[in-house]
Amino acid sequence: MLLLKPELQVKNNTLNSYFPIRTKDRYDIFVWDSALGHVVKHSYRKEFIPFKDPADPTGKKKKQFELADFKNASQKVFLRKLDEADFWPIIDKMYFEGNELFKITPEFLLFKTNKSENHVRDGRLGSMFASLLQDFVFTDKPHSQLNFLEQQLYDVLSLHLKSQDVATGDLVSKEAPYLPFMANHFQQDLKFLSKRPKYLLSIFKDFLRLYAHLYTAQLALNLKDWRSGEPKPKLHYFILDSEKASDERTLVKSYGHKQLSAALWSIFPYLAMNESLQDNKNQIMPIWALAQNLAEHPTCAEALESYAADFKANRQLNTSISNSQDPLDQLQNLLRLSAAQFSRGESRSDINLQYVKSTESELCSHFIQSRGRAGRVMVFNQDYLLLLTNLAVGEKEKLRFHELILAFESRGVFFDKQSQQALITFYERIGNVERMSDSGDAVYVFKTI
């Protein structure tokens, strides 16, 4: 089946797939706690059961189950079970005045998905992770060691949760994964963390920030390489935050921040054009998959050529385009035109400039540092490095050092030889390395959990 829209019409640039930032977004766009809830919602397939609104005299209106409702329900249960009613204020202070409630089990994070002023934007961030999750669901319920009070609270919560129908609602991803290799790692790593719920809750936000950045970087770096088929990890070099940066480190310089910063310019133009070519009633496909589909239907070249001519005229562009009858050449024309409308000097230039700034600020800034004459470099701090190490070692007890490096690279994280030496020094300092000989192959790295 041809994925192309039956009728291609030039419209305003819009983007509702594959990336959570919109052109009107600026800074402090997302509440990351809410993103945690959305990932739990998608991976656990759970949602709150609406209940009758006590304020409605007709008794017909349904009300969203809020944290205040849960607190009231919990209080009633505890007052029935407790010998002394005075004990409830202590429980209230312990679990409801801070964030302790959300450290009991991941399901409590579902309260973070309830509607708020930032609900739409946080929902877009949740959709980005849903695109990575696809139909992933926890088949084995994570087991949490709960004390008596936590068990009572969890039992109350469970009474108000139901399993969501996977065929309905917003749990069905509206887009095929753009980066299948990244989606596989995200699902595998989340499954690994789900077996360690306390650790998961302690690093959940860092885990999502890590994957948000790796997804953003690899998406940007792969966009222009759509003719090569399914994406693979592109070179993306980091240093440790304890290391010095210098111009002599050619890999860090050539495949670091400068490369990423340039690649971010393609995200909005390329994804917006991709979306304009497909019917949003169907699952949106990545550009590389769309290209494979178009190649199977060479007669669509004429429609693409006509659309390119209309687009060029509508945007008043001087960009030269090919008149080839190859549909892939015509797709290339359209992607070039889409990028050209945001070129310096064009009226839309500032739109993409702000889009790139917002993307770097919201999804990359935790991994960027300015290093004097060396400029801005990509950096891993100790917390993210330990998290990545634990994910890479995974269910195994330990990994050979070179296997660990390969596991990093398969997730889009690259270190040059100098950083690899710094890595071994770091692991030796914290004591999670076993050196069997002086050769690199005999160095094993352990998890820290």
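Rules used in this analysis
Residues numbered from 1 in each chain as written. Predicted model: local features only at pLDDT ≥ 70, side-chain atom pairs only at ≥ 80, totals over all residues. Heavy atoms only, no water. Pairing = 2+ DSSP bridges. Helix = DSSP H or I, 4+ residues; strand = E, 2+ residues; numbered from the N terminus. Axes fitted to C-alpha atoms, helices over the stretch in contact; angles between N-to-C directions. Left-handed = near helix turned anticlockwise from the far one by under 90°. Contact = heavy atoms within 4.5 Å. Nonpolar A, V, L, I, M, F, W, Y, C, P; charged D, E, K, R; others polar.

As recorded by an unreviewed UniProt entry, the chain carries the name DNA phosphorothioation-dependent restriction protein DptG and is attributed to Shewanella violacea.

Asker: Residues and numbers for the sheet that holds strand 7 (residues 376-380), please.
Answerer: Read from one edge to the other, the open sheet built from four strands follows the order 6-7-5-9, with strand pairing classed as mixed. Where the open sheet ends on each side, the last strands, each with one partner, are strand 6 (368-370) and strand 9 (414-415). For strand 5 (residues 237-240) and strand 7, the ladder comprises two bridges, and the chain directions are parallel. In the strand pairing of strand 7, I239 is matched with V379.

Asker: Break down the pairing of strand 11 (residues 443-446) for me, with residues and values.
Answerer: Within a regular strand, side chains alternate between the sheet's two faces. When strand 8 (residues 398-400) meets strand 11, the two strands line up antiparallel, connected through three bridges. Across the sheet, the residue bridging to L399 is V445, located in strand 11. Across three bridges, strand 10 (residues 433-435) lies against strand 11 in antiparallel orientation. Note that in strand 11 the partner of E434 across the bridge is Y444.

Asker: Lay out the packing of helix 2 (residues 67-81) against helix 3 (residues 88-96) with the relevant residues and their values.
Answerer: Taken N-terminus to C-terminus, the directions of helix 2 and helix 3 make an angle of 145 degrees; their axes are 11 Å apart at the nearest point. The interaxial crossing formed by helix 2 with helix 3 has right-handed handedness. Note on element contacts: helix 3 touches helix 2 through W88, I91, D92 and F96, opposite F70, K71, S74, Q75, F78 and L79. Taken together, the residues that form the contact of helix 2 with helix 3 break down as six nonpolar, two polar and two charged.

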